[in-house]
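# A structural walkthrough
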Number of protein chains: 2
Amino acid sequence: MSPPGRTSESGLPAEAAPDRAWLAELAWSPGFGLRANVLLEATGDRFSRVTPDAEQIPAGAVRLPGLTLPGLANAHSHAFHRALRGITQASRGTFWTWRERMYEVAQRIDPDGYLELARAVYAEMALAGVTCVGEFHYLHHGQGGVPYADPNEMGRTLMRAAAEAGLRITLLDTCYLAGGLGQDGAQLPLAGPQLRFGDGDSARWAARVEELAVGESGTLGPGAKAGAAIHSVRAVPPAQMGEVVGWSHRHGVPLHAHLSEQVAENTACLAAYGATPAAVLNEAGALGPRTSLVHATHLTRPDIRLLGESRSHACFCPTTEADLADGIGPASRLAAAGAALTLGSDSHAVIDLLEEARRVELDERLASRERGHFTAAELATAATSAGHASLGWPDAGQLTPGALADLVVVRLDSVRTAGLAPASVLESVIFGATAADIRDVIIGGREIVRDGQHQLLADVPAALQSVITAVLD
Amino acid sequence: MSPPGRTSESGLPAEAAPDRAWLAELAWSPGFGLRANVLLEATGDRFSRVTPDAEQIPAGAVRLPGLTLPGLANAHSHAFHRALRGITQASRGTFWTWRERMYEVAQRIDPDGYLELARAVYAEMALAGVTCVGEFHYLHHGQGGVPYADPNEMGRTLMRAAAEAGLRITLLDTCYLAGGLGQDGAQLPLAGPQLRFGDGDSARWAARVEELAVGESGTLGPGAKAGAAIHSVRAVPPAQMGEVVGWSHRHGVPLHAHLSEQVAENTACLAAYGATPAAVLNEAGALGPRTSLVHATHLTRPDIRLLGESRSHACFCPTTEADLADGIGPASRLAAAGAALTLGSDSHAVIDLLEEARRVELDERLASRERGHFTAAELATAATSAGHASLGWPDAGQLTPGALADLVVVRLDSVRTAGLAPASVLESVIFGATAADIRDVIIGGREIVRDGQHQLLADVPAALQSVITAVLD
């Protein structure tokens, strides 16, 4: 599944990462802000020294013009949704009609196709500066819900896809048991393509994921860590949640859940349980600093307090939330309450973490008619250190000694980023740059993207076209 | 001001446009939708023949892989605002505090700097597929409002900038007389940087623009046409609007006005005149098929009916409207009422007409929680034929014989656009592509952008950096 060789505890293969040094013309990190002439030195796959305003430059240091950022974390991904980009724009409807199209694609995917598709999608992410992906993975079983010979074949496929695309993954293995909440509050059985998502009950979910052999700090292998997910209150009955929560606690790994993406979820949840989805998750012990609530769009004031006081992460996916007509979530109120913001490209209508970051602020401007809810540094923190922490990599997403040696270099000489003022370089990048301006990406000391070209896969667009054509055919 | 040589009535110099033919692998136009193997033949600067499913291909035809669109019209631009990209993101505040920063930049610009800045900004537009810009121009006079020796020097500078960047311009010369509406409904005098905008009264405005020597169909020179603008109800008293409306009628040219971008404008207008801004403009005879109302964000039901029944254009600028916290306008209700939608990049926080197009739909999804208000074809029509028509170029923005020979080729082999289904190519481009995916741009038969490189200006980002640094210094 993974390339051979000596590996560090939690990074990518160390043999591919000799000692190296880079000199960043400009660099920003949550720890030190924006600085010039930052010397970054790595031993193996980790930074050994980080020196802003460096004066003594080692001869072999690679110069990085532009703005160097820590690695970007894509905290919420459903890799196979990438096949839907474009085609679902041809029809009207709602989130729920979109979901029908998504299920059609889910139905068609087998492990071989999944490897090809996820590898190409993860490569697209790497080109966009993503150094770690949180894959919210629920496509577990074969047609009709029949397990594969290895019941974790699909999960292992995703880890292999990430390794081959050169980025890290947190496999958020998702418990998905019910097909929704009916009018009367009863759980609907899984049906059709949903059968592939289900393990029967949470004990069997836990038994399956236990076979992944989770190591220390959640490690599953080089560049891969484990996490748990409760799909949503729609898909997991409250009585089944405790097992998932307990498993995540036992291994000390992240726990993710979709939360209140649609008003209909709240309505059905209130009818069934007399409580909001956030309250139901809280009751199950599911909130806390290792937890991420994805979307968190339609929240009550007490919901916001629950997320804030528990120091949970709120994972916003603004391009998907616009695409699926979810609405604008209370990002700044969540942040003020104490929740840490993270970002995901979710359905991959767009893969551009800079766009996700600025849309958090811009959507809130649209809703509030005021500017300046988040600083560029706060948005960049969501995209880097907070995102990595939410995926179980607290030692990534920062340019600091001991952290994984990840670098993302953004061009400052494109038509989009040119014309900046020195003091507002980070603002120019967060609000003006796009994924097309990512020039170089280094992950665990290894050069994965150079000058906009993926170094492990020859032609990422061709790979996307080929596998998506096959999936849709 | 313009290169020498034989010119057609309304296009760019014809000598630069020999007879040519292109074979578009795929092309979309408002007239025929999405077709394959479209042979496009031009004589001089206009299409002579357009043949979908072409079988006989002339030997010299240039093959265009990707999706070929008609030229994109940027119907609302303030070129100098480009200098603000990034720097205004560092502060909190509102539209009104942003405006203070914008005035500071306005204060610093002289004709030489304006030429450099506008040329670079228009080149950035050309690289994004814009073939015609509507420049809403109010920076008329020197410091303190003292006219230049040629009182139209700034307007002529903008026309020269467009010609040197290779695209067409409609100079929307803007009447700007007052500094706003006070609490008591009285007009505030122009003050500070605003003095540069004012002509004193509308008669003097008309006398000045008359010196531009407007020719047939509004022509001002090769690739340039005239239009009029009423800045807004804030800046032009109702009694002064008739002169501007009359001038635009006399010459048969477009009339543009900002409308209800901010709630405060509506409040002040109601207090001053007992009517909404749309009603005030209607009373002045300013609505109609040659009129564009820019933003049209905060409208009443009767306002929407006025714009629709008059067949006015509603020009949406979604990236600016998000940046400036304006809010989400009623795009689909305006369209349903009969108003034609157009698009502008306005403050140039972003220059990407594809992003403007999709955000009209996506913002409405956020507001309504439903998908599919506009089809990709409707959004593409706003960006092409409707936009051009609103700028006085009804003979552009369509791939049809007799139209100006403008082509914009979008790559289908980038990571963003790869993986499309043949039936939804336009959807993939409108919802998934960015300005970075524009490969070739042909304007009036002349190649302005080839493989993402501007053919008239060597280094557009360097030009932007140099002039903006000088302006901000």
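Refer to the structure printed above.
Only a predicted model underlies this, so the values are computations on that prediction, with no experimental measurement involved.

### What to know about the sheet that holds strand β17 (residues 438–443) of chain B
All names here are of chain B. Reading across from one edge, β3-β2-β1-β4-β16-β17-β18-β19 is the order of the eight strands in this open sheet, with mixed pairing throughout. For this open sheet the edge positions go to β3 (46–51) and β19 (453–454), each flanked by a neighbour on one side alone. Where strand β4 (residues 62–69) lies against strand β16 (residues 407–410), three bridges are found, and the strand directions are antiparallel. The residue of β16 that forms the bridge with Leu 69 is Val 408.

### Description of the relation of the copies chain A and chain B
Each of the two chain copies can be generated from the other by rotation about an axis followed by a shift along it. For the pair chain A and chain B, the relating rotation is 180°, the translation along its axis is 0.0 Å, and the fit reaches an RMSD of 0.0 Å. In the structure described here, the two chain copies are related by an operation that fits a two-fold rotation axis. In terms of C-alpha distance to the rotation axis, chain A has Ala 436 of chain A as its closest residue, with the C-alpha 3.2 Å off the axis. In this assembly, 100% of the residues forming the interface of chain A have copies in chain B that are likewise at the interface, indicating an isologous arrangement.

### Points about the interface of chain A and chain B
Accessible area lost during the coming together of the parts is what is often quoted as the interface size. Counting from both sides, the interface comprises 60 residues of chain A and, opposite them, 60 residues of chain B. Overall, the association of chain A and chain B removes approximately 4,900 Å² of surface from exposure, summing both partners, and the carbon and sulfur fraction of that is 53%. Taken together, the links from chain A to chain B amount to six salt bridges. In this structure, the salt-bridge partner of Arg 359 of chain A is Asp 363 of chain B, at a minimum N-O distance of 3.9 Å. Taken together, the connections running from chain A to chain B amount to 20 residue pairs in polar contact (both at pLDDT 80 or more). Secondary-structure elements contributing two or more residues to the side of chain A that touches chain B are α1 (95–108), α2 (111–127), α9 (318–323), α11 (353–368), α13 (425–432) and α14 (460–472) of chain A. Class assignment of the residues belonging to the side of chain A that touches chain B gives a composition of 26 nonpolar, 16 polar and 18 charged.

Calculation rules
Residues numbered from 1 in each chain as written. Chains lettered and ligands numbered in written order. Predicted model: local features only at pLDDT ≥ 70, side-chain atom pairs only at ≥ 80, totals over all residues. Heavy atoms only, no water. Pairing = 2+ DSSP bridges. Helix = DSSP H or I, 4+ residues; strand = E, 2+ residues; numbered from the N terminus. Least-squares fit on C-alpha atoms with pLDDT ≥ 70 in both. Contact = heavy atoms within 4.5 Å. Buried area = accessible area lost by both parts, 1.4 Å probe. Salt bridge = Lys/Arg side-chain N within 4 Å of Asp/Glu carboxyl O. Polar contact = N/O pair within 3.5 Å; in protein donor to acceptor, adjacent residues only side chain to side chain. Nonpolar A, V, L, I, M, F, W, Y, C, P; charged D, E, K, R; others polar.

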